[in-house]
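Structural features, examined
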Amino acid sequence: MNSIFTIKHYRLEDIERLEILWNGLYKQSTANVFLSWPWIQAWINTLSTAPIVLTAHQGGTCVGLALFTQRSVKTIIGVKINQLWLHRSGEQAHDQMWIEHNDFLLSEKNHREIRLAMLEYLFKCQHLWHELYVGLTRRDIATEFMDRLPHYREVLSSADFEVNLCNKKHIDEYLSELSKNTRAQIRRTEKLLSQSGDLSLTLAENEAQKFSYLQDIAKLHKEKWESTEYGSGFTNPIFERFHQQLIFEPEPSNVTRLYCLRVNNEPLAYIYVLKDHNAWYFYLSAIKSHTDNRVKIGLLAHTYVLKEAIAQNISKYSFLAGEARYKRSLSNMPETNQKLMCFYQPTLLMSLRELMRKSKHALQNLLLH
């Protein structure tokens, strides 16, 4: 099977050449916004060392691409092992942008065969890695990796929620698919907020508006998240630079939309959306608190953005990974799943390391009970 594909890897040197290859292949793929060139380029610009490029060619045509960072980490016995991270760095500060729906960039035609050929090549390149991290990725994609790389552990699993907007002509068609309680909360919130003035949803359409929205988003986001375990990304200069590059990317390659829900021109909530093809991906929100607990500003803000998505003939609105009540309430699709997987070479060292890891977790579980 592999004879029809030529697979190779090299250290990235010519980013302009990669951009041409990437954009050309993206047009031939079914890839999502997280594999679009604006996202990938912004990520490359955060790295301190050039990533490894993995390519697949069929004849003279590029049919597969992937980028890996390589890390060397020391085990508890002092032995160093090499890690490869797909479109991530393996460092919290550099990965706070949190890529989802991760995968190789593949030509739609024969994509499974191309992925398998690239995995077989990686499997044979034992000098490159002891551990290979892939994720967050859809469960069905993770399964294809697991079929070829059978030695693995699941690092993280997260629920994923979507809204199907296909054939929706009006927001009421979507709302009718939600629970009676969710619809009541949305209607009550709209009624209560309307008592203070006119409600409107506005889009940042120029650099000045985007800058203003981004400042407000950062302030509100830090107020809510900076005291949590990982903090707000807006206290992380790497995160900020990444999103500034994305948000201020010129049209038509810009993949972002910043919305603001207002009452009497006073901001209530901001919704940051990533877009590609006919899908929108909710990336983050920044919501002002309200003294009335009957007012669910987040539910209403998403409803207004969904109304705009329907007007734009968008077929999918993804809430992305992460368990949250509002995501369950607003989703009209069955819950799916994304995973972060670690694949490892079946050497004696790595097998012993995994055995020690499992024993440690088993002991911790015993002590908890």
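See above for the structure.
First, a word on what this report is: a plain description of the structure on this page. (Residues numbered from 1 in each chain as written. Predicted model: local features only at pLDDT ≥ 70, side-chain atom pairs only at ≥ 80, totals over all residues. Heavy atoms only, no water.)

A word on the pairing of strand β9 (residues 256-263). Burial analysis of β9 places eight of its eight residues in the buried class, which makes it a mostly covered element. Burial of β9 is two-sided: the residues T256, L258, C260 and R262 facing one way and the residues R257, Y259, L261 and V263 facing the other way are all buried. With eight bridges connecting them, β9 and strand β10 (residues 266-276) associate as antiparallel partners. Residue L258 lies in a different strand from β10, and its bridge partner there is Y272. Counting the residues in the hairpin turn of β9 and β10 gives two residues, including N264, whose phi is positive at 50 degrees. (Buried < 20%, exposed > 50% of the residue type's maximum accessible area, 1.4 Å probe, protein only. Helix = DSSP H or I, 4+ residues; strand = E, 2+ residues; numbered from the N terminus. Pairing = 2+ DSSP bridges.)

Let's shift gears to the pattern of salt bridges. Overall, the coordinates contain 14 salt bridges when judged by the stated rule. Note that E131 is salt-bridged to R153, the shortest N-O span being 3.6 Å. In this pair, E131 sits in strand β6 (residues 131-138) while R153 sits in strand β7 (residues 152-164), placing the two residues 22 residues apart along the sequence. R153 shares its class with E131; the two are buried. Here E154 and K339 are joined by a salt bridge, their closest N and O atoms 2.7 Å apart. With E154 in strand β7 and K339 in strand β13 (residues 336-344), this pair connects stretches of sequence that are 185 residues apart. Take K339: its relative accessible area is 11%, and that puts it in the buried class. Bridged by salt links that share partners, the residues D103, R112, R115 and E144 form one connected network. (Salt bridge = Lys/Arg side-chain N within 4 Å of Asp/Glu carboxyl O.)

Honestly, that's just the spatial picture; any functional story needs more than this.
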